[in-house]
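Analysis of the macromolecular model
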Amino acid sequence: MTPSVTHPLFALIPAGQLDGDLIQVIEVGDGLVTVVATPDSEWGIYDVTGWRHLTDAEIDDATITYPGEPFDLVVPAIAGFVQDDTDLDARVANAVQFLTTRLAELAA
């Protein structure tokens, strides 16, 4: 069963970035950690990604660098594939910790 997600950041994740079956979403302040089952991937059976909004400076930079071009307002802060179930909890915990730290750095 796909988790119900109401966090506004989730709607900004580009189509195709969550290839597979979404099995878990963890809210981390203004960010999210997603866990997607990817059994057909050559890289691993799970994809764990921490997402955050672009900062105002990053938006300004993208607007200047790519004038008139569309760009995503969300970016992966950390991402990685997991090879088996034994590593999944540790990878999710690492993603939550990293995203928490990164969001605090950006807020400072």
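Because the structure is a prediction, the values reported are computed rather than measured. Here the residue numbers are simple positions, counted from 1 along each chain's written sequence. It should be noted that, the model being predicted, local features are given only for residues of pLDDT at least 70 and side-chain atom pairs only at 80 or more, the latter also being counted only at that level, while totals for whole chains, interfaces and linings use all residues. Computation of side-chain values covers all heavy atoms of the structure but excludes hydrogens and water.

Below, the discussion takes up the overall build of the chain. Strands are runs of DSSP state E lasting at least two residues, helices are runs of H or I lasting at least four, and both sets are numbered from the N terminus onward. Secondary structure summary: the chain contains 2 helices and 4 strands in total. In sequence order, the secondary structure elements of the chain are arranged as β-β-β-α-β-α. By principal-axis analysis of the C-alpha atoms, the chain measures approximately 45 × 30 × 25 Å. Under the scheme applied here, a residue whose accessible area is under 20% of the maximum for its type counts as buried, over 50% as exposed, and between as partly exposed, the area being computed with a 1.4 Å probe on protein chains only. For the chain, the proportion of its 108 residues judged to be buried stands at 31%. Any two residues having at least one pair of non-hydrogen atoms within 4.5 Å are treated as being in contact. In the chain, of all internal contacts separated by at least 6 residues, the share reaching a separation of at least 24 is 45%. Roughly 6800 Å² of accessible area belongs to the chain as shown, and the carbon and sulfur atoms make up 53% of that amount. To measure how exposed things are, a 1.4 Å probe is used in the Shrake-Rupley method; for residues, cover is taken only from the protein chains shown.

On to helix 2 (residues 85-107). For a helix, the expected span equals 1.5 Å multiplied by the number of residues minus one. Taking 1.5 Å per residue as the helical rise, helix 2 with its 23 residues ought to reach 33 Å, and the 34 Å between its terminal C-alpha atoms agrees with that figure. Listed in full, the buried residues belonging to helix 2 are Leu88, Val92, Ala95, Leu99 and Leu103. Each element contacted by the buried residues of helix 2 is listed here: strand 1 (21-28), strand 2 (31-37), strand 3 (46-53) and strand 4 (74-82).

With that settled, consider the sheet that holds strand 4. A strand pair is defined by DSSP finding two or more bridges across the two strands. The strand order 1-2-3-4 describes an open sheet built from 4 strands, whose pairing is antiparallel. In the strand order of this sheet, the two ends are held by strand 1 and strand 4, each with one partner. In this sheet, neighbouring strand axes are inclined to one another by 20° on average, regardless of whether the strands run parallel or antiparallel. Both strand 2 and strand 3 contribute to a ladder of 6 bridges, which runs antiparallel. Each bridged residue has a counterpart across the sheet, and for Val36 the counterpart in strand 3 is Asp47. With axes taken as lines fitted to C-alpha atoms, and helix axes fitted only over the stretch in contact, angles between N-to-C directions fall between 0 and 180 degrees. In this fold helix 2 packs onto strand 1, strand 2, strand 3 and strand 4, with an angle of close to 10° to the strand it touches most, strand 3.

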